[in-house]
Amino acid sequence: MAWHLYLCPIIGAGTFTDQRHPKYISDLGVQWSMIDYGFQPFCLVAANVSDAQDAALVLNSDVTKIPDNLDSNVAVTATQNALESLQIPANWINASNTYRQVLRIVWGMFNFFQRYSVISGTVNPLIDGITISLSTQFSSLPLKVRQDLIATAQDLNLDTSSLSGNSTLRQILKALADSWGQRSFTLGGITI
Amino acid sequence: MTAFPDNFNRANNASLGTNYTVVPSSGGPSPQILSNRVRTNNGATPQGDWLYLNTPTFQKDQDVAATAFVNAANDSYCGTLARASNAAFTTYYAIADAISAFGLGKVVTGTFTTITSDATVLANNTLVELIVTGTNLTAKQGTVTITGTDGAITSGQPGLVVGWNPGGADGDVELDDWVANDGIPKYPWRQAGGMAALIAQ
């Protein structure tokens, strides 16, 4: 058994008996731990799995395994594609970034949307990819969403200067994550 | 620092008293005190009784523990809560189950998310504990420790939960010697004299 990191969908209705949880992994009966992207339906999960379980997990087209060596440089295009497909801004990634650096920025974005869910009082994904996408400008968002985004940033003591005018959600999330900084965090048996 | 223990050593009652708020949206009634322990109170349909302490007000970093007893190995569960509030039901929880996985999770506006899971089932007379410090979450079930990271909930009160799913019943599991602290890391109830010393303060 060994700990590995994956990006995967979240499933579950959110009731007590059908809680939101990582797809596939929670069926394995192994120890796992995830951080969610607020109520966006995706998560980063660490799982303590066997080689056979790991091999089976990566066969799923909606599961992306993060390389075990987090201090290696990222495969730029593959990483960008994997993150952008989950509505996670990734156009800032370049070949000098390590997976650890990228994951810490992603944690900043995830943490922001986690807190946003409580402050906004909504359990619906903000970015649905249809009416609101990463390219949506701040000024085009509904008033309550704008207010809640600002309130969340203020609550987390983040720089709010990106939350205005023509800034896109892509730019805003990256700026907020930069303000959050390169904070170490632990998922299961992996310190990132 | 705030510390509050409750050993439930009082007369049998259909509720834990006015210093606890039962979270209405959880669907469960108040748990009851029976023979100086806490158990569910319905007897008819599966239920989860979630509640939190009203006063004193706790700081955001909390350590909430209780001793869990298993009287029958059915699908029944119990645990402790941190940063709980009645704002449409929001809390972090550690829940141990007599036949299924140990879970660390959150409830946001009534929606449940499992953050960390471990397959260990609850054994009789086991300490269940939830420690929340900043965005770091730690849940303990006896010698089993699981951790998580989450930034959703930043304030609220300590609490507890008892419940059962289909196949379970009132009294399958019980809680006793519940204690909450804030200002972690300070665990006065673990010092000399334990719960009795803390209650005597």
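Caption draft 1: The interface of chain B and chain A, seen in detail. Each side of the interface is counted separately: chain B has 28 residues, and chain A has 27 residues. Each partner contributes to the roughly 2200 Å² buried at the junction of chain B and chain A, and carbon and sulfur atoms together form 52% of this total. Asp36 of chain A is the partner of Lys106 of chain B in a salt bridge, and the nearest nitrogen-oxygen pair spans 3.0 Å. At the boundary of chain B and chain A, one finds 16 residue pairs in polar contact (both at pLDDT 80 or more). Looking at the side of chain B that touches chain A, the elements that each hand over two or more residues are β8 (90-97), β9 (102-108), β10 (111-118) and β13 (144-149) of chain B. For the side of chain B that touches chain A, the element with the most residues is β10 of chain B, which contributes 8 residues. The sheet contact formed by strand β3 (residues 32-37) of chain A and β10 of chain B spans 2 bridges and is antiparallel. Each residue of the ladder has a partner; that of Ser33 of chain A, found in β10 of chain B, is Thr116 of chain B.

Caption draft 2: Just the layout of surface pockets, in detail. By volume, the largest pocket amounts to about 540 Å³. Contributing to the lining of the largest pocket are 22 residues, with Gln19 of chain A together with Ser100, Ala101, Thr114 and Ser117 of chain B lying nearest its centre. Listed by contribution, the elements that provide at least two residues to the lining of the largest pocket are β8, β9 and β10 of chain B. For the lining of the largest pocket, the element with the highest residue contribution is β8 of chain B, accounting for 3 residues. Residues that form the lining of the largest pocket fall into these classes: 9 nonpolar, 10 polar and 3 charged.

Caption draft 3: Quick look at the pattern of salt bridges. For the structure shown, the criterion picks out 15 salt bridges over all chains. With a closest N to O distance of 2.7 Å, Arg115 of chain A and Asp155 of chain A form a salt bridge. On the criterion of sequence distance, the pair formed by Arg115 of chain A in helix α3 (residues 99-120) and Asp155 of chain A in helix α4 (residues 143-155) is long-range, its members being 40 residues apart. A residue is classified by how much of its surface remains accessible, and Asp155 of chain A, at 36% relative accessible area, is partly exposed. Here Lys144 of chain A ties to Asp148 of chain A by a salt bridge, and the two come within 2.5 Å at their closest N and O atoms. Of this pair, Lys144 of chain A and Asp148 of chain A are both found in helix α4, 4 residues apart, which corresponds to roughly one turn of the helix. Through salt bridges with shared partners, a single ionic network connects Arg20 and Asp36 of chain A together with Lys106 and Asp150 of chain B.

Caption draft 4: Region of interest: the environment of Gly142 of chain B. Within the secondary structure, Gly142 of chain B sits in the loop between β12 (136-141) and β13. Setting aside anything within four residues of it in sequence, one finds Gly142 of chain B in contact with Thr126 and Leu127 of chain B.

Caption draft 5: Seen up close, the environment of Gly134 of chain B. All names here are of chain B. Take Gly134: it is sitting in the loop between β11 (126-133) and β12. Classification of Gly134 by relative accessible area gives partly exposed; the value is 27%. C-alpha separation for the pair Gly134 and Gly163, spaced 29 residues apart in sequence, amounts to 28 Å. Discounting residues that sit within four places of it in the chain, Gly134 has contacts with Lys60, Asp61, Arg83 and Asp150.

Caption draft 6: Just helix α2 (residues 76-84) of chain A, in detail. Residues and elements named next belong to chain A. Listed in full, the buried residues belonging to α2 are Thr79, Gln80, Ala82 and Leu83. For α2, the angular spread of the buried residues around the axis is 165 degrees, confining them to a single face. When the buried face of α2 is taken as reference, the exposed residues oriented beyond 90 degrees from it are Thr77, Ala78 and Asn81. Buried positions along α2 lie against β1 (2-11), β5 (64-66) and α3.

Caption draft 7: Helix α5 (residues 169-180) of chain A, seen in detail. All names here are of chain A. Here α5 spans 16 Å end to end across 12 residues, near enough to the 16 Å set by a 1.5 Å rise per residue. Along α5, the residues classified as buried are Leu169, Arg170, Ile172, Leu173, Lys174, Leu176, Ala177 and Trp180. For α5, the elements touching its buried residues are β3, α2, α3 and α4. Positive backbone phi, approximately 90 degrees, marks Gly181, located one or two places after α5.

The rules behind these values
Residues numbered from 1 in each chain as written. Chains lettered and ligands numbered in written order. Predicted model: local features only at pLDDT ≥ 70, side-chain atom pairs only at ≥ 80, totals over all residues. Heavy atoms only, no water. Contact = heavy atoms within 4.5 Å. Buried area = accessible area lost by both parts, 1.4 Å probe. Salt bridge = Lys/Arg side-chain N within 4 Å of Asp/Glu carboxyl O. Polar contact = N/O pair within 3.5 Å; in protein donor to acceptor, adjacent residues only side chain to side chain. Helix = DSSP H or I, 4+ residues; strand = E, 2+ residues; numbered from the N terminus. Pairing = 2+ DSSP bridges. 1 Å grid on protein atoms, 1.4 Å probe; cavity = no way out; pocket = protein on both sides within 12 Å on 5 of 7 lines; lining within 4 Å. Points joined across faces, edges and corners; volume = space filled by probe spheres on them. Nonpolar A, V, L, I, M, F, W, Y, C, P; charged D, E, K, R; others polar. Buried < 20%, exposed > 50% of the residue type's maximum accessible area, 1.4 Å probe, protein only. Arc of directions from axis to C-beta. Expected span 1.5 Å × (residues − 1).

No statement about biological role is implied by the geometric values presented.
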